[in-house]
Amino acid sequence: MADVIVVGGGIIGMTAAVRLRERGADVTLWSPDGPLDTVSAVAAAVWYPTGITFEPRVLGWAAGAYREFRRQAHDGVPGVQVRETRNLERDGTTAEPWWAAAAGRVRYRPLGPPWTREVRFEAPAVDMSVYLPWLREQFERLGGRVVRRRVDRLEEALAEAPVIVNATGLAAGSLCGDPDVYPVRGQIVLVANTGVFASVRDLGRPSTYVHPRTRDVVLGGTFEENSWNTTPDPATRTAILERCLALVPELAGAPVLGEKVGLRPARRGGPRVEVEKLSGGTVVHAYGHGGAGMTLSWGCADEVADLAL
Ligand SMILES: Cc1cc2nc3c(=O)[nH]c(=O)nc-3n(C[C@H](O)[C@H](O)[C@H](O)COP(=O)(O)OP(=O)(O)OC[C@H]3O[C@@H](n4cnc5c(N)ncnc54)[C@H](O)[C@@H]3O)c2cc1C
């Protein structure tokens, strides 16, 4: 019998599984989907807490993940880089953003209309198509086991381990009857990287972002609350391309490589990371990270390991 079963193999489940195994627990991870079939694989995966409001715990998770991704980039972990990025704000605020304390050196510059300020900082950026398979290999190399398995009830996992981690993302809403969980649809377009190096995010509504990776550039985005539609919409694709080209004209002529849609696992009140004692054992919930699962991942994984062991 495993000490801990982690249910869910996206970025939240996988980072928690690695941390638990590093601390010596016997860990099995259950997921019906391979790493590249999760919402995590759709993420632009640039460190920034999109749609998440301040809470001391959340700031701690963001800081923990920032430090860990920086270390991994320095150590040459596949798919992890640190890039300078710019946020173009439109709301006239002059206050320091709440997440700045987690990001190290943040610089500000006033801008003319339609923007009001540029916020420049170094952000970890992860190519999930490379990183998630690496993470899974890392977990297995540490002695963890991965099983393809879907649960209809969390009790199925509790029947096989005294402690389970519920990292099922959007599915957590129905699995634990949480009415605060809802989808936020995001569509992105991938184009070939023909020499774009600047990462930029225009914080209009919806926000427009251009995030170069090694082989391609991620263009976005949309933020459609309560939409369950996972089919790419051609009109949305055209609008994303137009908005991104206006922001970064160097993208002109870059061949389109593909497009993706993902449903961010959002939760009113913020992510749920807490222990629930059930008659069959202990559940550590870790879901509801919305548009910031990568941004909070490793910091959150440390807390999940503390709660589980
Ligand atoms: C377009 C887009 C862009 C994004 N960009 C960023 C970004 O730049 N930075 C950032 O930090 N975040 C970003 N995100 C958000 C990020 O993708 C999510 O926060 C993150 O993927 C959530 O991870 P998760 O592990 O909780 O969920 P998921 O990746 O959805 O994983 C859930 C896991 O649970 C499993 N599961 C589901 N149901 C069951 C079941 N019944 N039984 C067993 N297992 C089950 C699934 O198979 C999967 O393995 C973006 C999201 C989208 C859609």
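Below or above, wherever it landed, is the structure these notes cover. (Residues numbered from 1 in each chain as written. Predicted model: local features only at pLDDT ≥ 70, side-chain atom pairs only at ≥ 80, totals over all residues. Heavy atoms only, no water.)

To continue, consider the site of the ligand. Around the ligand there are 37 residues in total, and Gly9, Asp33, Ser40, Gly290 and Thr295 lie nearest to it. In the model, an oxygen atom of the ligand is placed 2.5 Å from a nitrogen or oxygen of the Asp33 side chain. Contact with the protein chains hides 95% of the accessible area of the ligand, taken as 1000 Å² for the molecule alone. Partitioning the shell around the ligand into residue classes produces 18 nonpolar, 15 polar and 4 charged. (Near = heavy atom within 4 Å. Polar contact = N/O pair within 3.5 Å; in protein donor to acceptor, adjacent residues only side chain to side chain. Areas by Shrake-Rupley, 256 points an atom, 1.4 Å probe, with all protein chains shown as cover. Nonpolar A, V, L, I, M, F, W, Y, C, P; charged D, E, K, R; others polar.)

Each neighbour pair has its own omega, and for Pro113 with Pro114 the value is 10 degrees, a cis peptide bond. Inspection of the secondary structure assignment puts Pro114 in the loop between strand E4 (106–110) and strand E5 (117–126). Cis geometry is adopted by the peptide bond preceding Gly221, which originates at Gly220 and carries an omega value of 0 degrees. Topologically, Gly221 is positioned in the loop between strand E11 (216–220) and strand E12 (224–225). Residue Ala45 is not a glycine yet carries a positive backbone phi of 60 degrees. With respect to the element layout, Ala45 can be found in the loop between strand E2 (27–30) and helix H2 (56–74). (Helix = DSSP H or I, 4+ residues; strand = E, 2+ residues; numbered from the N terminus.)

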